[in-house]
Amino acid sequence: MSRKIFKKIIIAIPILIITFVMVFNYEPTEIKALTVTGSPSAGAGVGDSGTSCNNADGDWANPTFAASSNNSYTDFGGNFFDANEISDELQVSNLGLALPAGSTIDGITVEIEKYAGGGDLAVDYDVRLTKTAGVQIGTNKTDTATNWATADPNSYVSYGGATDKWGTTWTEAEVETTGFGLVFCGKSTNDANVNLYIDHIQITVYYTPAISVDLSGTVYQSSGGSNIGASKTITVYKNGSTSLGSDTTDINGAWALTGLNISSGDIINVYIDGDATYKGNTVFVSDGNNQTNVDIYGSTLIVRHDTGSNITNTNLSTARVGTDANDMVYSVSGTNLTATTSAEIHVWTGDTFAPDGFIKTNGAVSNLHIDDNASVSLSTTDNIINGNITINTGATLTISADTKLGGNLTNNGTFTHSANTLEFINSATPSTILSATDISFSTLKSSAAGKIIKFQKQIAGSPKFTITGQFNFQGLAGNPINISSDTSGTEWHIHLNSSQSSVSNIRVTDSACAVGTNSISANASIIDGGNNGSCWGIINVNAPPAVGESPGGGGGTLKTGGGRGGQQPSGATADGGGDLETGGTVAPPTVISP
């Protein structure tokens, strides 16, 4: 929920009086609705230093009368002010404004009570604000098409508005400086001896006060690890460029900062600062409210948002503190995110991470962890997760672009692989795919020779692993990819939606075929590790024995009723019996005493 609060300041022309009228929809003890009256400093009032309007024949008379709406007028003109001439400048400056520290300027309105007397015709010529007294800047809000009233209307003509910054930018300091004010002048049209009258000028500044936000949390050595302990420096930055301060952890790893100038939509980076052992960043899009659970995990980039929307790689780029690059556990190039070596990307509970580029982690423990009820959508190609992907309860991962995975995939939520390829990489790192429910893949691929890939065994009909596209596993001769169940002797189940021909040099063990599946084209390079279904395209049903071993009798083939004989030491055999898919057994090795 936005905490933006509009407040306005009404300032009389600062010749004698400066009046503030502040309207609040809350009443902090330090700020009350009030009127402040004071005298202007030198330099306020009438001046001729500008260049847009300059009439050498006269000045505005009685300028102090414009301090209030009381039918006493400051005026310009008479027998020297003729048709199509421009008045002298009426300059307003030195207002002496004081806004709450850190306020954001949203807009400025100028209101002028004016008329041209005696049936004279006049229009505006210059209505502009100043940051330096008498020097106009920004948009000229003059209305040259509308004649002034010819009698006192007892009402104001307004210029600008609550969200109108007059074609420039404003800071709290600029509206508080002595140079902030107005330059005004008018123009006669077709009459001679014109008289211009101004009863009152007031300026309204609309601003959003800085919101005082408190942040706190606990720092841990790692995700799921112990707290980091005392005397670690924690630094907070806003939008990557504004330091909001630092704190040191207590004995329990807790930290806190109060009174921070944070608005809804600001991107906050909280990180371990200058530590030789631990590095960690928590980046979130703030909703402008206090947060008590801004935790940090060592070797982790935590991404989160508090606005009910999502956080993107672009947000992470904004949040990155370039002046503290050694403490950042990530970098962003364009819209592509890379976590540093061994750093995990951790999506906070209930939040949505929507990378607008690819994501990449480095190292076998550099994981993607999607916390409870969180969601991630990988829709840009070339994602690389060298570690594990973990999808917690209620969480969602959607992959619609090419993604590479070096470690495990654990799904306890919702996994959707709607298009493109999920490829297993890193030959030296085993991968296990676990899922609490049936799971589908578009194209599943690996060319990592020698890699071990295990699928969760089926219990009570689940999970079933469905391939809707291609099952593309190709190892090397003599160094096959090893595919098996995660539990030796208990099968996992595959369902192929179409026939497959891109499979070679794999060794398959404990791999059953779901009802209705298509098959893999028969291939002599597909090695039978035993206990497999008929869809795997195995030509040589029994795996060749290792050097020095001989096969035992199986009592038939796996396809036609025999179990696989156990591999035996040289000179020994053992027999199995029955079809493993229909109740057969694998004969155990025979132990021969020396």
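Residues numbered from 1 in each chain as written. Predicted model: local features only at pLDDT ≥ 70, side-chain atom pairs only at ≥ 80, totals over all residues. Heavy atoms only, no water.

**Focus: the sheet that holds strand β21 (residues 352-353)**
- Strand order across the open sheet formed by four strands is β21-β24-β27-β30, with parallel pairing between neighbours. Edge positions in the sheet fall to β21 and β30 (414-417), since each of these pairs with one other strand and no more.
- Across four bridges, the pairing between strand β27 (residues 396-399) and β30 is parallel. Pairing of I399 across the sheet is with H417, part of β30. (Pairing = 2+ DSSP bridges. Helix = DSSP H or I, 4+ residues; strand = E, 2+ residues; numbered from the N terminus.)

**Brief notes about the side chain of N392**
- Here N392 shows up in the loop between β26 (389-391) and β27.
- A polar contact of 3.1 Å, which involves the side chain of N392, links it to the side chain of D371.
- A polar side-chain atom of N392 sits 3.2 Å from a polar atom in the side chain of D372.
- Apart from the residues within four sequence positions on either side, N392 is in contact with H369, I370, D371, D372, N412 and G413. (Polar contact = N/O pair within 3.5 Å; in protein donor to acceptor, adjacent residues only side chain to side chain. Contact = heavy atoms within 4.5 Å.)

**Focus on the state of the cysteines**
- Scanning the entire structure with this criterion turns up one disulfide.
- Each disulfide pairs two cysteine sulfurs, and for C513 the partner residue is C535, the sulfurs being separated by 2.0 Å. Residues C513 and C535 are joined by a disulfide whose S-S torsion is about -90°; by sign, that bridge is left-handed. Placement of the pair is C513 in strand β42 (residues 511-513) and C535 in the loop between β43 (526-528) and β44 (549-551), with a sequence separation of 22 residues. (Disulfide = S-S within 2.5 Å.)

**A few points about the pairing of strand β36 (residues 464-467)**
- Alignment of strand β33 (residues 439-441) against β36, held across three bridges, turns out to be parallel. Following the sheet pairing, S440 is matched in β36 by T466.

**Quick word on the nonpolar core**
- With 58 residues, the main nonpolar core has L316, F353, L409, F441, F471 and W536 as its most contacted residues.
- At three residues, the largest contribution of residues to this core is made by strand β39 (residues 492-496).
- Discounting chain neighbours no more than four positions away, the residues touching W536 are F471, I483, W492, I494, I506, V508, S511, A512, C513, I520 and I526.
- If you look at the next biggest cluster of nonpolar residues, it comprises 32 residues, including W148, W170, L182 and L196. (Core = buried A, V, L, I, M, F, W, Y, C linked by side-chain atoms within 4.5 Å. Buried < 20%, exposed > 50% of the residue type's maximum accessible area, 1.4 Å probe, protein only.)

**What about the confidence of the model for the protein?**
- Averaged over all residues, the pLDDT of the protein equals 83, while 81% of them reach at least 70.
- Of the regions scoring below 50 in pLDDT, residues 1-49 engages in 130 contacts with residues more than four places distant in sequence or in other chains.
- pLDDT under 50 marks residues 544-594. Its contacts with residues more than four places away, or in other chains, come to 102 contacts. (pLDDT = per-residue confidence, 0-100.)

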